[in-house]
Amino acid sequence: MAVQQHSAYRHEQKYVLDLAEAELLAMRLRLSMEKDPHALQSGGTYHIRSLYFDDPYDSAIAEKIAGVEFRNKYRIRIYNLSDRTIKFERKHKNGAYIKKESLNLSRAEAEALIAGRIEFLFGREESFAREMYAALRTRALRPRVLVDYTREPFLFAQEDVRITFDRDIRTAYRCTDLFNPYAPTIPAQAYRGCCILEVKYNRYLPAYIRGLIQVNARQQTAASKYIYSRQFEY
């Protein structure tokens, strides 16, 4: 499965909804917006598993809690527990804006990366691969936690709007076995019975979409799946 990749900064807004409210809103969007073509292959949703990396000081957690404006998250991501598409991603946060860059990996490369054998990145032709090599080497980044959830995505071509509902958010406590479909997981406590609504767009959010999701009536949050999936460790 190929997934949208954005090398430019975009707006990102997050909201935490209860499941009943999320379903009512999703029903409205199913009648009004285009479904992401990649989700149509599996009934409108797909499963995401991310393996997050952090340094020995858990800087990603500390920076998030401290409200640091400029920060990065590193993760390997797969879809529907398959090794068909494997992305090594860096998500950069700049205040209210995000930029996501990614590198396609083979399963052998992903397994090497998880095991700390990162030399292959320096040999890749992409400049971004060498950037990731430098980040892993200088910051001693290592796998920290698996995060699983089911995503229902919608698209609106104007301003490249992408709206997603992330449900059943679970964590595999201290497990980093990315390709294990039987990895034991537990619900991320903060999101039990909840859904995360994410709204991403370029310059502005069209009035039509604002009206659909009633964005002015909702309280925006800085919800972080990574932070709450490690809540029992700090």
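Our subject is the structure listed above.
Residues numbered from 1 in each chain as written. Predicted model: local features only at pLDDT ≥ 70, side-chain atom pairs only at ≥ 80, totals over all residues. Heavy atoms only, no water.

Draft legend 1. Examining the nonpolar core more closely. Formed by 26 residues in total, the largest nonpolar core has its most connected members in Phe53, Phe88, Leu113, Leu121 and Leu136. Those elements that provide at least two residues to this core are β3 (46-54), β4 (70-79), β5 (82-94), α4 (107-114) and α6 (127-139). Per-element accounting of this core gives the leading share, 6 residues, to α6. Counting residues in each nonpolar core, the second largest holds 20 residues, with Tyr15, Ala26, Met33 and Val215 among its members. (Core = buried A, V, L, I, M, F, W, Y, C linked by side-chain atoms within 4.5 Å. Buried < 20%, exposed > 50% of the residue type's maximum accessible area, 1.4 Å probe, protein only. Helix = DSSP H or I, 4+ residues; strand = E, 2+ residues; numbered from the N terminus.)

Draft legend 2. Region of the structure containing the environment of Gln231. Among the structural elements, Gln231 can be located in the segment after α8 (225-229). As a C-alpha pair, Gln231 and Arg30 span 201 residues in sequence and 34 Å in three-dimensional space.

Draft legend 3. Looking closely at the environment of Val215. Inspection of the secondary structure puts Val215 in the loop between α7 (207-213) and α8. A residue is classified by how much of its surface remains accessible, and Val215, at 7% relative accessible area, is buried. Residues Val215 and Tyr15, 200 residues apart in the sequence, show an inter-C-alpha distance of 9.1 Å. Ignoring anything within four residues of it in the chain, the contact list for Val215 reads Gln13, Tyr15 and Arg210. (Contact = heavy atoms within 4.5 Å.)

Draft legend 4. Representation of the pattern of salt bridges in the model. One pass over the full model with this rule turns up 31 salt bridges. Across the pair Arg90 and Glu101 runs a salt bridge whose closest N-O atoms are separated by 2.9 Å. With Arg90 in strand β5 and Glu101 in strand β6 (residues 97-104), this residue pair connects regions lying 11 residues apart in the sequence. Like Arg90, the residue Glu101 is buried in the burial classification. Among the salt bridges present, the one from Glu111 reaches Arg107, with a minimum N-O distance of 3.0 Å. Of the two residues, Glu111 and Arg107 are both situated in helix α4; the distance of 4 residues between them amounts to about one turn of the helix. Through salt bridges that share partners, Glu12, Lys14, Lys91, Arg151, Asp166, Glu198, Lys200 and Lys225 make up one connected network. (Salt bridge = Lys/Arg side-chain N within 4 Å of Asp/Glu carboxyl O.)

Draft legend 5. Highlighting the pairing of strand β1 (residues 10-18). Across the 9 residues that make up β1, a large majority, 7, are buried. As paired strands, β1 and β6 are joined by 2 bridges and run antiparallel to one another. In the sheet register, His11 faces β6, and the bridge partner there is Tyr97. Sheet topology places β1 next to strand β10 (residues 194-201); 8 bridges connect them, and they run antiparallel. Among the inter-strand pairings, Asp18 is bridged to a residue of β10, identified as Cys194. (Pairing = 2+ DSSP bridges.)

Draft legend 6. How the structure looks around unusual backbone geometry. With phi around 50°, Asp160 is a residue other than glycine that occupies positive phi space. Mapping Asp160 onto the fold places it in the loop between β7 (142-156) and β8 (161-172). With relative accessibility at 23%, the residue Asp160 sits in the partly exposed group. Phi is positive for Asp168, close to 50°, though the residue is something other than glycine. Looking at the element boundaries, Asp168 is found in strand β8. Owing to a relative accessible area of 46%, Asp168 belongs among the partly exposed residues under this scheme.

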